[in-house]
Structures are given as structure tokens and as C-alpha cells.
Amino acid sequence: MTFSLAWNLIPSVQRTGGFGDRYDEDWAGAVASLENVARPDDVILYGTAFAEADQLRLPDPDPLIVSFIGAPLTANLRPGHRYVMLGLPFR
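Quantities reported herein were computed from a predicted structural model and do not represent experimental measurements.

A. Quick look at the overall build of the protein. Each helix and strand in the protein was counted, giving 3 helices and 2 strands. When the helices and strands of the protein are read in sequence order from the N terminus, they spell out α-α-β-α-β. Expressed as a percentage of the 91 residues in the protein, the buried residues total 23%. The long-range fraction of contacts in the protein, counting pairs at least 24 apart against all pairs at least 6 apart in sequence, stands at 60%. Carbon and sulfur atoms make up 60% of the accessible area of the protein, which amounts to about 7,000 Å² in all.

Here's what the structure looks like:
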């Protein structure tokens, strides 16, 4: 069991400094890549991995929750870039 845990966790810790596979991704880099390929009329689907994003499934989600969930993406957009953005639920 110890060997199995070490085999699965050590590479992730060495690569990212944590126990998850995505801790080395940054929003600024992701948004820069997005802006290189997206056009103003494109629909952008995004997920932020916030548990609060499950509230997006509600018929009329709270606008403050919607802005909170989109903040990592919208905070890194360059001025003048506007897209139709739809957040994805956490689950």
C-alpha cells in the first residue's frame, strides 16, 4: 500500500508542488491562449472548479455568484475583448 501511494503521489508532488495535477496552470496563460484563437462572437465555456458553480444549474442564479465564478477568467481578459461566456457547473 505504501509503495502504491508513493508511486501515484510522488510524481505529482515533484511536478506541481502539490497533490493535484493542475496546480501549475495559471489563468493568465490560459486567457492569453484563448485570446489568440477566439473571436468576439465566440461562445466560451469555462469551468473554475469552484463548488459554488453548481448554483449555475439553478433557473435564475444569483448575479454575484455568476461574477464570482467568472472572476478568474474575466480578470485576465485584455481590455476590449468581449466574449459570450458560460460557466460550467462544478459537478
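B. Examining the packing of aromatic side chains more closely. Applying the stated criterion across every chain yields a total of 1 aromatic pair. Between the aromatic rings of Phe-50 and Phe-68, the centroid separation amounts to 5.0 Å while the plane-to-plane angle is 25°, which identifies the pairing as stacked. Highlighted residues: Phe-50 in the loop between strand 1 (43-46) and helix 3 (63-74) and Phe-68 in helix 3, separated in sequence by 18 residues. Relative accessible area serves as the criterion here: at 41%, Phe-68 is assigned to the partly exposed category.

C. Layout of the pairing of strand 2 (residues 84-87). In this sheet, strand 2 lies alongside strand 1 in parallel orientation, the contact comprising 4 bridges. Counted as the bridge partner of Tyr-46 is Gly-87 from strand 2. Where the polypeptide runs from strand 1 across helix 3 and back to strand 2, its parallel neighbour, the crossover connection is right-handed.

D. A look at helix 2 (residues 27-37). By the burial criterion, the buried members of helix 2 are Val-31, Leu-34 and Glu-35. Mapping the buried residues of helix 2 onto a view down its axis gives an arc of 95°, with all of them on the same face. For helix 2, exposure combined with an orientation more than 90 degrees from the buried face picks out Asn-36 and Val-37.

E. Highlighting unusual backbone geometry. Phi is positive for Ala-49, close to 65°, though the residue is something other than glycine. Structurally, the position occupied by Ala-49 is in the loop between strand 1 and helix 3.

F. Seen up close, the side chain of Glu-35. Structurally, Glu-35 is set in helix 2. Sequence-distant contacts of Glu-35, that is, excluding residues within four places in its chain, are made with Leu-77, Arg-78, His-81 and Tyr-83.

G. Here's a closer look at the nonpolar core. Of all hydrophobic cores here, the largest spans 11 residues; its members are Val-31, Leu-34, Ala-38, Ile-44, Tyr-46, Ala-53, Ile-65, Ile-69, Leu-73, Leu-77 and Tyr-83. Here this core takes 3 residues from helix 3, the largest share from any one element. In contact with Ile-44, other than residues within four places in its own chain, are Leu-34, Ala-38, Tyr-83, Val-84, Met-85 and Leu-86.

Calculation notes
- Residues numbered from 1 in each chain as written.
- Predicted model: local features only at pLDDT ≥ 70, side-chain atom pairs only at ≥ 80, totals over all residues.
- Heavy atoms only, no water.
- Helix = DSSP H or I, 4+ residues; strand = E, 2+ residues; numbered from the N terminus.
- Buried < 20%, exposed > 50% of the residue type's maximum accessible area, 1.4 Å probe, protein only.
- Contact = heavy atoms within 4.5 Å.
- Areas by Shrake-Rupley, 256 points an atom, 1.4 Å probe, with all protein chains shown as cover.
- Phe/Tyr/Trp six-rings, centres within 6.5 Å; stacked < 30°, edge-to-face > 60°.
- Pairing = 2+ DSSP bridges.
- Right-handed = clockwise from strand over helix to strand, strands pointing away.
- Arc of directions from axis to C-beta.
- Core = buried A, V, L, I, M, F, W, Y, C linked by side-chain atoms within 4.5 Å.

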